[in-house]
Amino acid sequence: IKFGDWEGVGHLELGRLLAYRGEYNESEIELGAALKMFENLKHPVPQGLTWVYRALLARFRLRSASHSSQTLNLANPTIDCARQALKLADEWARTRYPMEREYVRARWLLGAAQCAASQPDEAECELNEALTRCRGVNLVECEADILIDLARLRAATGVADEAQRLAEE
């Protein structure tokens, strides 16, 4: 691994940390720097991970604005970022081999964003696909997040008992 690779990873992880801390503008800058470096490497996996982190950042922004009129406008960037991550996972799978973790994360975030954008049918499809893939490879680090978003979807569609069961699971 060359220095530029590690530098990109540093920007990537700092961008993720800043997103979790609510420092959204700084996170955007770091994730942009990471993406630029990874694009120069022409490697779809770290590019895809950068788009996953950008989707997380957009999701955090969406949650912080959930009580405002901006909610629908902020759901679209999350959808766009998740779709880009999914596109890069497909590119890697076509040229090398599929990496289930990349598909799971991208589909989970896409489904969660579609739920926030009031697209329940699309969200249902993506979240179920994410959960199936997650359980297929025993990717326990993602399962709870997917189940929580499935519970949110059920709550939003008025199926409270199923939402409760999924949240407890």
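My aim in this report is to walk through the structure given alongside it, one point at a time. Computed from a predicted model, the values in this text were never measured in an experiment.

Ranked by internal contacts, the top residues of the largest apolar core, which has 46 residues, are Leu12, Tyr53, Trp108, Leu109 and Ile146. With nine residues, helix α3 (residues 44–64) is the largest single contributor of residues to this core. Contact partners of Leu12, with chain neighbours within four places excluded, come to Leu31, Ala34, Phe38, Leu49, Thr50 and Tyr53.

A few words on the environment of Ala112. Within the secondary structure layout, Ala112 lies in helix α5 (residues 100–116). Sequence separation between Ala112 and Ala123 is 11 residues; the distance between their C-alpha atoms is 6.4 Å. Leaving out residues up to four positions away in the same chain, Ala112 has contacts with Arg59, Leu127 and Asp149.

Here the focus is unusual backbone geometry. Phi is positive for Ser118, which is not a glycine, with a value near 60°. Positionally, Ser118 belongs in the loop between α5 and α6 (120–136). Although it is not a glycine, Asn138 sits at a positive phi angle of roughly 55°. Mapped onto the fold, Asn138 is located in the loop between α6 and α7 (140–156). Using a relative accessible area of 59% as the deciding quantity, one classes Asn138 as exposed.

Another aspect to go through is the packing of aromatic side chains. Under the criterion given, the structure shown has two aromatic pairs. Aromatic pair Tyr20 and Phe60: ring centres 4.9 Å apart, planes at 55°, arrangement tilted. You can see Tyr20 sitting in helix α1 (residues 3–20) and its partner Phe60 sitting in helix α3, a full 40 residues away along the chain. The exposed category is assigned to Tyr20, whose relative accessible area is 53%.

Turning next to the packing of α5 against α6. Where α5 contacts α6, the axes come no closer than 8 Å and their chain directions differ by 155°. In terms of orientation, α5 lies roughly antiparallel with respect to α6. When you trace α5 past α6, the crossing you get is left-handed. For the pair formed by α5 and α6, the contact residues are Glu100, Tyr103, Val104, Arg107, Trp108, Leu110, Gly111, Ala112, Gln114 and Cys115 on the first element and Glu122, Ala123, Glu126, Leu127, Glu129, Ala130, Arg133 and Cys134 on the second. When grouped by side-chain class, the residues that make up the contact of α5 with α6 number 10 nonpolar, two polar and six charged.

Now for the side chain of Arg59. Turning to its location among the elements, Arg59 is positioned in helix α3. By relative accessible area, Arg59 is classed as buried at 8%. Discounting residues that sit within four places of it in the chain, Arg59 has contacts with Thr78, Trp108, Leu109, Ala112, Asp149 and Arg152.

A few words now on the side chain of Thr50. Mapped onto the fold, Thr50 is located in helix α3. On the accessibility criterion, Thr50 (0% relative accessible area) is buried. Those residues within four positions of Thr50 in sequence are excluded, and the remaining contacts are Leu12, Leu31, Ala34, Leu35 and Phe38.

What counts and what doesn't
- Residues numbered from 1 in each chain as written.
- Predicted model: local features only at pLDDT ≥ 70, side-chain atom pairs only at ≥ 80, totals over all residues.
- Heavy atoms only, no water.
- Core = buried A, V, L, I, M, F, W, Y, C linked by side-chain atoms within 4.5 Å.
- Buried < 20%, exposed > 50% of the residue type's maximum accessible area, 1.4 Å probe, protein only.
- Helix = DSSP H or I, 4+ residues; strand = E, 2+ residues; numbered from the N terminus.
- Contact = heavy atoms within 4.5 Å.
- Phe/Tyr/Trp six-rings, centres within 6.5 Å; stacked < 30°, edge-to-face > 60°.
- Axes fitted to C-alpha atoms, helices over the stretch in contact; angles between N-to-C directions.
- Parallel < 35°, antiparallel > 145°, perpendicular 65-115°, else oblique.
- Left-handed = near helix turned anticlockwise from the far one by under 90°.
- Nonpolar A, V, L, I, M, F, W, Y, C, P; charged D, E, K, R; others polar.

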